[in-house]
Amino acid sequence: MLDGREKSPLAAHKDMYLDKQGQVNKQLSLNGALAAGIPGMSAALVYLSKNYGELSLAKSLAPAIRHAEQGFAISERHRKLLRFRQSVLKQQTEIAELFLVDGELPKKGTLLQQKALAETLRQIAVKGKAGFYQGDIADKLVQSVQELGGIWQLEDLKKYQVKLRQPVVGQYKELQITSAALPSAGGTLLVETLNILETLDLESADEITHQHLIIESLRHAFHDRALYLGDDDFVAVPSERLLNKQYAYGLASSIRADKSLKSDALSGYSKAQQGGRNTTHFSIIDDQGNRVAATLSINFPFGAGIVAKGTVVVLNNEMDDFQASEKAVNGYGLVGGKANLIAPEKRMLSSMNPSFVEQQGRIGVLGTLGGSRIPSMVLLAILDFAKGNDPSSQVRVKRFHHQYKPDIVHYEKGGLNETEMLALKKLGHQLKQYYNYGNMQAVQLGKSTGILSAASDPCGEGFASVQKISQ
Ligand code: GLY
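Quick look at the structure, then.

Rules used in this analysis
In every chain, residue numbers begin from 1 and rise along the written sequence. Only residues with pLDDT of 70 or above have their local features reported here, since the model is predicted, and side-chain atom pairs are shown and tallied only from 80 upward, although totals for entire chains, interfaces and linings are computed over all residues. With hydrogens and water set aside, each side-chain value is computed from the structure's full complement of heavy atoms. A strand pair is defined by DSSP finding two or more bridges across the two strands. Counting from the N terminus, the helices are DSSP H or I runs at least four residues long and the strands are E runs at least two residues long. For helices, the fitted axis covers only the stretch in contact; all axes are lines through C-alpha atoms, and the angles between them, taken along N-to-C directions, range from 0 to 180 degrees. Here the word oblique covers every angle except those under 35 degrees (roughly parallel), over 145 (roughly antiparallel) and from 65 to 115 (roughly perpendicular). In a left-handed crossing the near helix is turned counterclockwise from the far helix by less than a right angle, and in a right-handed crossing that turn is clockwise. When checking whether two residues touch, look at their non-hydrogen atoms; a contact exists if any pair is within 4.5 Å. Here a residue is near a molecule or strand as soon as one of its heavy atoms is found within 4 Å of it. We call two N or O atoms a polar contact when they sit within 3.5 Å, provided that within protein one can donate a hydrogen and the other can accept it, with sequence-adjacent residues counted only if both atoms are side-chain atoms. Throughout, the Shrake-Rupley method with a 1.4 Å probe supplies accessible areas, and for residues the shown protein chains are the sole cover considered. Only buried residues count toward a nonpolar core. Its members are Ala, Val, Leu, Ile, Met, Phe, Trp, Tyr and Cys residues joined through side-chain atoms within 4.5 Å. Burial status follows relative accessibility: with a 1.4 Å probe on protein chains alone, a residue under 20% of its type maximum counts as buried, one over 50% as exposed, and anything between as partly exposed. In this classification, the charged set is Asp, Glu, Lys and Arg, the nonpolar set is Ala, Val, Leu, Ile, Met, Phe, Trp, Tyr, Cys and Pro, and all remaining amino acids, among them Gly, are polar.

### A look at the sheet that holds strand β15 (residues 431–434)
Step number 1: Taken in spatial order, the three strands line up as β13-β14-β15 in an open sheet, and their pairing is mixed. Unpaired on one side and paired on the other, β13 (400–401) and β15 mark the two borders of the sheet.
Step number 2: Inspection of the sheet shows strand β14 (residues 409–412) paired to β15 by four bridges, in the parallel sense. Looking at the pairing, valine 409 lines up with leucine 431 of β15.

Below is the structure:
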């Protein structure tokens, strides 16, 4: 697994978002220059192209440069995301002038041109990693961050390195799962949840018990996320135990079919709240069987709500994915522990969950955006794959989610019907409808037939196709 996750700046420290009373100031971890982690995406693209690509980076980046230079018409979804972050964007002139019109939302179809971004991408295309992490762009990034009260230094950018990691692998019945390693929590969560589910008799359960068992399994896996997960280059994570089938068996023994467990029965954390949306995912299989599951994130839409002057690089707010204090709740309502506290150069936990799923005869690649709900979406899609269904079914699975805290089952509109809601309430679950949060991309290859199929989430923005590419 190629890890291009952001990392915290050298000058970061564990109490950087606490006020004098020791309370977390959420504004600082979510909005503005202190919220931005040292970006990894440019380094990952350069590494990917150099080590695995047939095309030069200049060629791969050409369409992005064209879109930045010539512009593209903004969609309704783009407007919605702008609305969500409008008040933050209005606080920096550069980003407000770029994305808003006199502080207001532009009309759907308005052309968005980002000429300075085209130049930034050209620097990367020509100079590789040095084009972003050193020289003119790096100077501009650091200068802007510092002017806006942030703590980046040139050294932070110069020192950024991608990491190659062993992916998390697991087995669910006949399926082999390959998924994201730490610092993304997604793979561990996914495999742990599947291990718990494997010990339960899902096939013979009725639809409601089926949903209930998935919710209860997610509760346990997210509880472990909160307790144990963090960047394992910095903290000891008991990954072997968390991924062990016997361990899952023990957790499953506390799951009752007739009653929900209360999250507070597992351990106490402060009350959680709700957060925003983020992220992009690509699923690809080529004609030689090479596969890519790539999830990319700047956390919230429009990241920290600021751009570095003269670069049109929108700065992320990934620092919010750390635990700002042991009792803090992040923008997705996730709680966590010591393992995910801030330290210089540490990578913050992620929920990203790019995954491969294989069975005799079939290979699937999938992933989605959706913050803390990513692992449950991927889980539901993999369970659908296990039933023999194809990508167009996997991206349409009815979605519900539990993340230990808050102790609430979130569901998309239509994710649970009236009968299911009534029955789940009777089992003790508290339910809450959420906006339609998925944007899953799934592709599949029939090993013997060679047939490729692809599907894109109907409630997201994206497309899926099987194409013959001529070069
Ligand atoms: N920034 C959201 C995540 O990585 O989970």
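### A few points about the packing of helix α10 (residues 186–198) against helix α11 (residues 207–228)
Step number 1: In the contact formed by α10 and α11, the axes pass within 9 Å of each other and the chain directions differ by 135°. When the axes of α10 and α11 are compared, the pair comes out oblique. When you trace α10 past α11, the crossing you get is right-handed. Together, Leu189, Glu192, Thr193, Ile196 and Leu197 of α10 and Leu213, Ile214, Ser217, Leu218, His220, Ala221, Phe222, Asp224 and Arg225 of α11 make up the contact between the two elements.

### Remarks on the site of the ligand
Step number 1: Around the ligand, the surrounding shell holds nine residues, and the nearest of these are Asn299, Glu318, Asp321, Ser350 and Ser351.
Step number 2: Within the contact set of the ligand, a nitrogen atom lies 2.9 Å away from a side-chain nitrogen or oxygen of asparagine 299.
Step number 3: Within the backbone of serine 351, a nitrogen or oxygen atom sits 2.7 Å from an oxygen atom of the ligand.
Step number 4: If the ligand stood free it would expose 200 Å²; the protein chains cover 99% of that surface.

### A few points about the nonpolar core
Step number 1: One finds Leu197 and Ile382 to be the most contacted residues of the largest nonpolar core, which totals 66 residues.
Step number 2: Residues within four places of isoleucine 382 in sequence aside, it is in contact with Leu175, Ile177, Leu190, Leu194, Val357 and Leu366.
Step number 3: Counting residues in hydrophobic clusters, the runner-up holds 33 residues, among them Ala33, Leu117, Tyr133 and Ile306.

### A look at the packing of α10 against helix α14 (residues 374–386)
Step number 1: Two elements in contact, α10 and α14, have axes separated by 10 Å at closest approach and are oriented at 45°. Taken together, the axes of α10 and α14 are oblique relative to one another. Where α10 crosses over α14, the handedness of that crossing is right-handed. Contacts from Gly186, Leu189, Leu190, Thr193, Leu194 and Leu197 of α10 reach α14 at Pro375, Val378, Leu379, Ile382 and Leu383.
Step number 2: When its residues are assigned to classes, the contact of α10 with α14 shows nine nonpolar, two polar and no charged.

### Examining the sheet that holds strand β5 (residues 168–172)
Step number 1: With antiparallel pairing, six strands are arranged side by side in an open sheet as β5-β6-β11-β12-β16-β17. Unpaired on one side and paired on the other, β5 and β17 (452–456) mark the two borders of the sheet. Sheet twist, expressed as the mean angle between neighbouring strand axes with direction ignored, is 15°.
Step number 2: As paired elements, strand β11 (residues 355–359) and strand β12 (residues 362–367) share five bridges and run antiparallel to each other. Directly across from glutamate 358, in β12, lies its bridge partner isoleucine 363.

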